Amino acid sequence: MVRPSRSTEARPARALTIAREEFARRRRQLMKSMGRDAIAIVPSAPVHLRNNDVEHAYRQDSNFHYLTGFREPESVAVLVPGRPQGEFLMFVRDRDPARETWDGRRAGPAGACRDFGADDAFPIGDIDEILPGLLENRAKVFYTVGVHREFDQRVVGWVNGLRALAKHGRHAPYEMVALEHVLHEMRLFKSRGEIELMREAARIAARAHVRAMRRCRPGMHEYEIQAEIEYEFRRARAEPSYLPIVGGGANGCILHYRENESVLRSGELLLIDAGCEYECYASDITRTFPINGKFSKPQRALYELVVAANLAAIAAVKPGNHWNAPHEVAVQVLTAGLVELGLLKGKVPALIKSQAYRRFYMHKTGHWLGMDVHDVGDYKIGATWRALEPGMVLTIEPGLYIPPGTRGVPPQFRNIGIRVEDDVLVTRDGHEVLTDGVPKDAAEIEALMAAA
Ligand code: GLY
Ligand code: MN
Ligand code: MN
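Fair warning: this is a prediction, and the values are worked out from it, not measured in the lab.

Attention now goes to the overall build of the chain. Regarding its fold elements, the chain presents 14 helices and 21 strands. A compact globule built from 452 residues would reach a C-alpha radius of gyration of about 22 Å, and the chain, at 25 Å, matches this within 12%. Counting only C-alpha atoms and orienting by the principal axes, one finds that the chain spans roughly 80 × 55 × 50 Å. Going through the 452 residues of the chain one by one, you find that 53% of them count as buried. Within the chain, contacts between residues at least 6 apart in sequence are counted, and of these 71% link residues at least 24 apart. Side-chain charges in the chain split into 61 positive and 59 negative, and the spacing between the mean points of these groups amounts to 4 Å.

Turning next to the sheet that holds strand S13 (residues 281-282). Ordered in space as S9-S12-S13, the three strands form an open sheet in which the pairing is antiparallel. Here the strands that pair on one side only, and so sit at the sheet edges, are strand S9 (239-240) and S13. Each of strand S12 (276-278) and S13 is contacted by helix H9 (residues 192-215), which is oriented at about 140° to S12, the strand it contacts most.

Here the focus is the packing of aromatic side chains. For any pair of aromatic rings, geometry is given as the distance between the ring centres together with the angle between the planes. Per the stated rule, a full pass over the model turns up eight aromatic pairs. With 4.7 Å between their ring centres and 35° between their planes, phenylalanine 295 and tyrosine 303 make a pair best called tilted. We note that phenylalanine 295, like tyrosine 303, is buried. On the basis of an interplanar angle of 10° and a centroid distance of 5.2 Å, the ring pair of tryptophan 368 and tyrosine 379 is categorised as stacked. Placement of the pair is tryptophan 368 in the loop between helix H13 (348-353) and strand S15 (380-381) and tyrosine 379 in the loop between H13 and S15, with a sequence separation of eleven residues. Since its relative accessible area comes to 26%, tyrosine 379 is described here as partly exposed. It is arginine 26 that lies over the ring of tyrosine 66; its NZ or CZ is 4.1 Å from the centre. The side chain of lysine 380 reaches across the aromatic face of tryptophan 385, ending 4.6 Å from its centre.

Below, the discussion takes up the coordination of the manganese ion (ligand 2). The coordination sphere of the manganese ion (ligand 2), as far as protein atoms go, consists of Asp273 (OD), Asp273 (OD), Asp284 (OD) and Glu421 (OE), spread over 2.0 to 2.5 Å. Around the manganese ion (ligand 2), the six donor atoms sit at angles spanning 55 to 171°, and that spread fits a shape best called irregular. Along the chain, the residues that donate to the manganese ion (ligand 2) are spaced as D-x10-D-x136-E. Between the manganese ion (ligand 2) and the manganese ion (ligand 3), a separation of 3.3 Å is found, and both are coordinated by aspartate 284. With aspartate 273 in strand S11 (residues 269-274) and aspartate 284 in the loop between S13 and strand S14 (285-290), this pair connects stretches of sequence that are eleven residues apart. Here aspartate 273 and aspartate 284 have matching classes, each one buried.

Here strand S7 (residues 140-143) pairs with strand S8 (residues 175-178) via four bridges, running parallel. Bridge pairing in S8 links tyrosine 143 to alanine 178. In terms of handedness, the path from S7 via helix H7 (residues 149-163) over to S8 forms a crossover that is right-handed.

Looking now at the coordination of the manganese ion (ligand 3). Protein coordination at the manganese ion (ligand 3) comes from Asp284 (OD), His367 (NE2), Glu397 (OE) and Glu421 (OE), with a distance range of 2.0 to 2.2 Å. Around the manganese ion (ligand 3) sit six donor atoms, and with donor-metal-donor angles ranging over 51 to 155° the site reads as irregular. On the primary sequence, the residues serving as donors to the manganese ion (ligand 3) are separated as D-x82-H-x29-E-x23-E. Assessed through its relative accessible area of 9%, histidine 367 is described here as buried.

The full set of residues close to ligand 1 is Tyr242, Asp273, Asp284, His367, His374, Glu397 and Glu421. Between ligand 1 and the protein, one listed contact pairs a nitrogen atom with a side-chain N or O atom of aspartate 273 at 3.2 Å. Taking histidine 367, its side chain carries an N or O atom lying 3.0 Å from an oxygen atom of ligand 1. Here ligand 1, which alone exposes 200 Å², has 87% of that area covered by the protein.

Each regular strand displays side chains that alternate between the two surfaces of the sheet. Burial analysis of strand S1 (residues 38-43) places six of its six residues in the buried class, which makes it a mostly covered element. Side-chain alternation along S1 places Ala38, Ala40 and Val42 on one buried face and Ile39, Ile41 and Pro43 on a second face that is also buried. As judged from the three bridges shared by S1 and S7, these two strands associate in the parallel manner. Each bridged residue has a counterpart across the sheet, and for alanine 38 the counterpart in S7 is lysine 140. Alignment of S1 against strand S4 (residues 76-79), held across four bridges, turns out to be antiparallel. Among the inter-strand pairings, proline 43 is bridged to a residue of S4, identified as valine 76.

Criteria and cut-off values
- Residues numbered from 1 in each chain as written.
- Chains lettered and ligands numbered in written order.
- Predicted model: local features only at pLDDT ≥ 70, side-chain atom pairs only at ≥ 80, totals over all residues.
- Heavy atoms only, no water.
- Helix = DSSP H or I, 4+ residues; strand = E, 2+ residues; numbered from the N terminus.
- Rg over C-alpha atoms; globule rule 2.2 N^0.38 Å.
- Buried < 20%, exposed > 50% of the residue type's maximum accessible area, 1.4 Å probe, protein only.
- Contact = heavy atoms within 4.5 Å.
- Lys, Arg positive; Asp, Glu negative; His and termini not counted.
- Charge placed at Lys NZ, Arg CZ, Asp CG, Glu CD.
- Pairing = 2+ DSSP bridges.
- Axes fitted to C-alpha atoms, helices over the stretch in contact; angles between N-to-C directions.
- Phe/Tyr/Trp six-rings, centres within 6.5 Å; stacked < 30°, edge-to-face > 60°.
- Lys NZ or Arg CZ within 6 Å of the ring centre and 35° of its normal.
- Donors = N, O, S within 2.8 Å, 3.2 Å for Na, K, Ca; no water.
- Tetrahedral: all angles 85-135°; square planar, octahedral: opposite > 155°, others 65-115°.
- Right-handed = clockwise from strand over helix to strand, strands pointing away.
- Near = heavy atom within 4 Å.
- Polar contact = N/O pair within 3.5 Å; in protein donor to acceptor, adjacent residues only side chain to side chain.
- Areas by Shrake-Rupley, 256 points an atom, 1.4 Å probe, with all protein chains shown as cover.

Next up, the structure:
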């Protein structure tokens, strides 16, 4: 038997992707909720310039991708439930050999129909001519206002243009409905296909964190570790789902640390918050480990407290528990532990009530995760936290942050920033931790680093 080479281990056995039928199913489900007197207009993401005529890497709009799977800019999807000549229309860039030589291949209208299931497709340049006719005699327009501002103006222009023709007997829609209200609720519940992609995004990011632990040495720079992480992402066809945070020592206490430029010093901890995006689905992992491979006693005491909070919060992820239950559990564990270590003084319930823990733990324990790293979906229904249900994916990310110079804290506990973050799927009987490919147990991390 031939042993697989290391380079093939990074790749899934087959390319994972969302099946064409699933995109069609999503469109059908959305149209059912909209009703037959409605139309939905969903634009692609605009291209963002980095400087002069150089562009940022293009990332498709998540709602547009969710409904079409189409990757190109300057595209618009239109859903017209019950329209006899076709319900799913696309406006896309026309084929253009000269432009394609410069900017890359285009599907064109024919490709939009052939490969993406559009019932009909038109060049984007024809949209002003065609769209008003589609809006006519529809009562409601499902559209997300305020995200793509320039496109907002065009939608308003089409509707107002029709209104101005009322005396000629043309009927304009009279109601704008927030598309995201329906669509984001759909996106909150992940299908089997989506979960497979999220497992893959989590596996890749877990491998990247393991690589960072193995490669880390005192004297390296934070950006060198960032490079190790990004190497592991890219070779697996993934890319960062947000700018990786690689913070040694005091930098680990800056929640959204971005510079990644400092030297890593022996005796300090390294906090890495880095996740990737695979086929438009995100992972989001944080691990914290000793730069020299061995936790000091005070570092280990605080670290094990954060891991205990992480584990207890994960245990609270199950159907029936409400969204905030894991956070409440994490706060309970952290507060009790801080009292035990002498960093907080008083009775635990009173310290929780007064939010005394916020000095050291100032953020929430997680967020929804999906196509967006801070994914869509309501956290409350009315005034109450919503119940967790199978198919939802969330992060669990408790931490403790004690920058140098923190007053009233024994010196041995200063200069320590710790967060331990996992991605967790709610299942029928509890949960599945998607990110268990990277260790968080202190002894396991030390063993892994010692063997590197
Ligand atoms: N990496 C962003 C977050 O953890 O929410
Ligand atoms: Mn994170
Ligand atoms: Mn997160």
